[in-house]
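Here is what each chain is made of, one letter per residue.
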Amino acid sequence: MAQGARRTIGQVTGVVGLAVAVTAFLSVAAVRHGFFDLKVYYGALTWWVHDGGEIYDFLKPGTQYGFTYPPFAALVMLPMAYLPWTAAIAVSVAASVVVTAVLFWWLVDPISRRCGWTRWFALAVALCLAAAYEPMRETVNFGQVNMLLLFLVAIDLLWLLPAGSRWAGVGIGLATAIKLTPGIFIVYLLVTRRWRAAVTSMAAAAGTTLLAAALFPDASREFWTEALWNTGRVGELAFVSNQSLRGVVARLNPEHPSTLAWLALVLATLALWAWRSRAAVAAGDEATGLALTGAVMCLVSPVTWVHHLVWLLPALILLVDNGMAAPVGSRRRRVLLGAAIVGYGFLISRIVWAWEKDFTGLDGFLGSNTYVWISLALLAFLPIRRWRDGSRLSRRWAEPAGSAVESAGVPQLDQPDRRSPAGQRHRIGRALTVR
């Protein structure tokens, strides 16, 4: 048997074995939520379309939960009201799986090409590991839209913006109109001085919001004047699933959480994010800009349920990317890959739920906020990659690096004259350095 055939058989066997192991893990660790959030969407849309009720008046029977998204989200989800329940489940799961596979291809493929891995094998392994990732499995089990929003933002930041497209910002605007929290990426564009993309994103968000208002004036009026401000529809801030800075503060004093302390933490976190984001964009590292902004969104949002932490996936993948790009056997490689393994290990473990009933004491403070600490660590320490040849070619961020990552502070090699043939080859075979 040829060596290539043996390698393929070994890889197929490895993927099947990993899939079986993940399935066994999920059978023990995964909590079945019965597509709870999807039932809320489906019930609200059915009530609105078929029963003549107002969409924001609907509450899932026996709960305090209703439709909390802006009216444009209702417009996007409207076809769901005409589907059978099982078809709605199938569409929700299929959409999450497809956009996850595409996003992972964009982020994992550069690693596989640089390292000489078989590309389909690297993607299959990544998808198996994603299935065990608690925020991902919660997103699917709840029937949430998180991965769809991340995908819209990633189209802008990984493709349209680096290419200088006039359409850059539309994806962010649409995501913001569907669910307000991705609006932090509009702030990201402003902080990093990409004015045209910022204006485009604001125009897209405003235009789609106005479209929804024109089509559904009563629903729009109720959302912007009442439903948006009714925090009781969202859930308890101190609930352990709320892995944001607001959740940390609320768990310190559930009866009277300090708004002042929360705002101080938010301002400090935003300052760190703005500094690091501008550094990433200056280095031509849009992928890290996406990852940092996803992390800060989870931190500063008043409510970040565990399933919202799919926004940390780009940061975890980039940790692996930076680790594999470091010299073999180096301390840097060990630290970065070790951090990725530890972070991923905690984020599949459901560790925060050990303090669901009692989060008092030092162990409660540390343990119940584990995912917050991971988000903070990623925001503060995720490496920023510098492209040697500047922003023009760095827009093709998905290409493999031409050489290993150097340690910060090590001078770069002299670059050849860009007008010469050697200079042209140098521009194509660029290398990464890390700040």
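Because the structure is predicted, anything quoted here is derived from the model rather than measured.

### Focus on the overall build of the protein chain
Summing up its helical and strand segments, the protein chain has 20 helices and 2 strands in all. Burial analysis of the protein chain (435 residues in total) assigns 51% to the buried set. In the protein chain, once contacts between residues fewer than 6 apart in sequence are set aside, the share between residues at least 24 apart is 75%. Summed over all atoms, the accessible surface of the protein chain reaches about 19600 Å², with 67% contributed by carbon and sulfur.

### Observations regarding helix α6 (residues 134–142)
Most of α6 is tucked away, with 8 of its 9 residues classed as buried. By the burial criterion, the buried members of α6 are Glu134, Pro135, Met136, Arg137, Glu138, Thr139, Asn141 and Phe142. One or two steps after α6, the chain reaches Gly143, where phi turns positive at roughly 75°.

### Details of the nonpolar core
Ranked by internal contacts, the top residues of the largest apolar core, which has 106 residues, are Ile55, Phe67, Leu157, Phe185 and Trp311. Per-element tally for this core: the top contributor is helix α14 (residues 286–300), with 10 residues. Leave out the neighbours within four places in its chain, and Trp311 touches Asn146, Leu149, Leu150, Val153, Pro182, Phe185, Gly294, Ala295, Met297 and Cys298. Formed by 5 residues, the second largest nonpolar core is a distinct cluster that contains Val22, Leu26, Ala30 and Ala132.

### Notes on the environment of Ala198
For Ala198, the position within the fold is in helix α10 (residues 195–215). Judged by relative accessible area, which is 0%, Ala198 ranks as buried. It is 7.8 Å that separates the C-alpha atoms of Ala198 and Val187, two residues lying 11 residues apart in sequence. With near-sequence residues (within four places) excluded, Ala198 lies in contact with Ile186, Leu189 and Leu190.

### Here we look at a nonpolar patch on the surface
On the surface, Val12, Val16, Val20 and Trp120 cluster together into a nonpolar patch covering about 350 Å² of accessible area. Among the elements that line the nonpolar patch, the one with the most residues is helix α1 (residues 3–29), at 3 residues. Mapped onto the secondary structure, Trp120 falls in helix α5 (residues 119–132). A relative accessible area of 38% means that Trp120 is categorised as partly exposed.

### A closer look at the packing of α10 against helix α11 (residues 217–225)
For the pair α10 and α11, interaxial distance at closest approach is 5 Å and the crossing angle is 120°. Here α10 lies oblique to α11, going by the angle between them. In contact with Thr209, Ala212, Ala213, Ala214 and Leu215 of α10, α11 contributes Pro217, Ser220 and Trp224. Among the residues forming the contact of α10 with α11, the class breakdown is 6 nonpolar, 2 polar and no charged.

### Considering the side chain of Thr269
Here Thr269 is to be found in helix α13 (residues 259–282). The class of Thr269 is buried, set by a relative accessible area of 8%. Engagement of the side chain of Thr269 in a polar contact is seen with the backbone oxygen of Leu265, the distance being 2.7 Å. Those residues in contact with Thr269 that sit more than four places away from it in its chain are Leu245, Val296, Leu299, Val300, Leu376 and Leu379.

### What about unusual backbone geometry?
With a phi close to 55°, Phe35 is a non-glycine residue in the positive phi region. Within the fold, Phe35 resides in the loop between α1 and α2 (36–49). Judged by its relative accessible area of 18%, Phe35 falls in the buried class. A positive phi angle is found at Arg193, which is not glycine, with a value near 65°. If you trace the backbone, Arg193 turns up in the loop between α9 (184–191) and α10. Residue Arg193 is classed as exposed on the basis of its relative accessible area, which comes to 51%.

### Quick look at the packing of aromatic side chains
Evaluated as defined, the whole model comprises 18 aromatic pairs. Taking 5.4 Å as the distance between ring centres and 40° as the angle between the ring planes, the aromatic pair formed by Tyr56 and Phe223 counts as tilted. Residue Tyr56 is found in the loop between α2 and α3 (71–77), and its partner Phe223 is found in helix α11; the two are separated by 167 residues along the sequence. In this structure Tyr56 comes out as buried when scored by relative accessible area, which is 2%. The exposure class assigned to Phe223 is buried, which follows from its relative accessible area of 1%. A connected cluster of aromatic rings, assembled from ring pairs, spans Tyr41, Tyr56, Phe67, Tyr69, Phe223 and Trp224.

### Thoughts on α5
Here α5 contains 14 residues, and its C-alpha end-to-end distance of 21 Å stays within 8% of the 20 Å for a straight helix at 1.5 Å per residue. Among all positions of α5, only Ala122, Leu123, Ala124, Ala126, Cys128, Ala130 and Ala132 are buried. As for α5, its buried residues are in contact with α1, α4 (85–115), α6 and α16 (331–347).

The rules behind each value
- Residues numbered from 1 in each chain as written.
- Predicted model: local features only at pLDDT ≥ 70, side-chain atom pairs only at ≥ 80, totals over all residues.
- Heavy atoms only, no water.
- Helix = DSSP H or I, 4+ residues; strand = E, 2+ residues; numbered from the N terminus.
- Buried < 20%, exposed > 50% of the residue type's maximum accessible area, 1.4 Å probe, protein only.
- Contact = heavy atoms within 4.5 Å.
- Areas by Shrake-Rupley, 256 points an atom, 1.4 Å probe, with all protein chains shown as cover.
- Core = buried A, V, L, I, M, F, W, Y, C linked by side-chain atoms within 4.5 Å.
- Patch = residues over 30% accessible without salt bridge, like charges linked within 9 Å, V, L, I, M, F, W, Y side chains within 5 Å.
- Salt bridge = Lys/Arg side-chain N within 4 Å of Asp/Glu carboxyl O.
- Axes fitted to C-alpha atoms, helices over the stretch in contact; angles between N-to-C directions.
- Parallel < 35°, antiparallel > 145°, perpendicular 65-115°, else oblique.
- Nonpolar A, V, L, I, M, F, W, Y, C, P; charged D, E, K, R; others polar.
- Polar contact = N/O pair within 3.5 Å; in protein donor to acceptor, adjacent residues only side chain to side chain.
- Phe/Tyr/Trp six-rings, centres within 6.5 Å; stacked < 30°, edge-to-face > 60°.
- Expected span 1.5 Å × (residues − 1).

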